[in-house]
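Each chain is listed here by its residues.
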Amino acid sequence: MILEVANLQVKASQTYEFEQSFHQASQIISSMKGYISHELQRCLEVDNLYLLLVRWETLADHTEGFRGSAEYQEWKKLLHHYYDPFPAVHHYETVESSQS
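Overview of the structure.

What follows deals with the overall build of the chain. Across its full length, the chain holds three helices and four strands. Mapped in sequence order, the helices and strands of the chain form the string β-α-β-β-α-α-β. Here the chain has a C-alpha radius of gyration of 14 Å; the compact-globule value for 100 residues is 13 Å, and the two agree. With respect to the three principal axes, the spread of C-alpha positions in the chain is 40 × 35 × 20 Å. Within the chain, the fraction of its 100 residues that count as buried is 34%. Carbon and sulfur atoms make up 48% of the accessible area of the chain, which amounts to about 6,500 Å² in all.

Written out as structure tokens, the structure reads:
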């Protein structure tokens, strides 16, 4: 399992619209091959900061499968105009976990 992590800084006046668009976009990503789950977390200290966590079966499922798909173009249309600055995305693998 690969964990995709993105800190999303949304334009301050557009957080409500972003959350509505993300709800729509989540249906796109959840239909993709290799998708396991996702979470969108809102920061308590900074109103327009979000943390996106997406679990994929493999790195290629995200970087090649999703990003190379027509569905990703729709995802971009729905979400990318909300970000300022555009987020960096990183991928992680588990080293240790307390989960069984």
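Turning next to the side chain of N48. Within the secondary structure, N48 sits in the loop between β2 (35-42) and β3 (49-56). Of the polar contacts made by the side chain of N48, one reaches the backbone oxygen of V10; its length is 2.7 Å.

Our next topic: the side chain of D61. With respect to the secondary-structure elements, D61 resides in helix α2 (residues 59-66). Non-local contacts of D61, meaning those with residues more than four positions away in its chain, are made with K33, G34, W56 and F66.

Each value, and the rule that gives it
- Residues numbered from 1 in each chain as written.
- Predicted model: local features only at pLDDT ≥ 70, side-chain atom pairs only at ≥ 80, totals over all residues.
- Heavy atoms only, no water.
- Helix = DSSP H or I, 4+ residues; strand = E, 2+ residues; numbered from the N terminus.
- Rg over C-alpha atoms; globule rule 2.2 N^0.38 Å.
- Buried < 20%, exposed > 50% of the residue type's maximum accessible area, 1.4 Å probe, protein only.
- Areas by Shrake-Rupley, 256 points an atom, 1.4 Å probe, with all protein chains shown as cover.
- Polar contact = N/O pair within 3.5 Å; in protein donor to acceptor, adjacent residues only side chain to side chain.
- Contact = heavy atoms within 4.5 Å.

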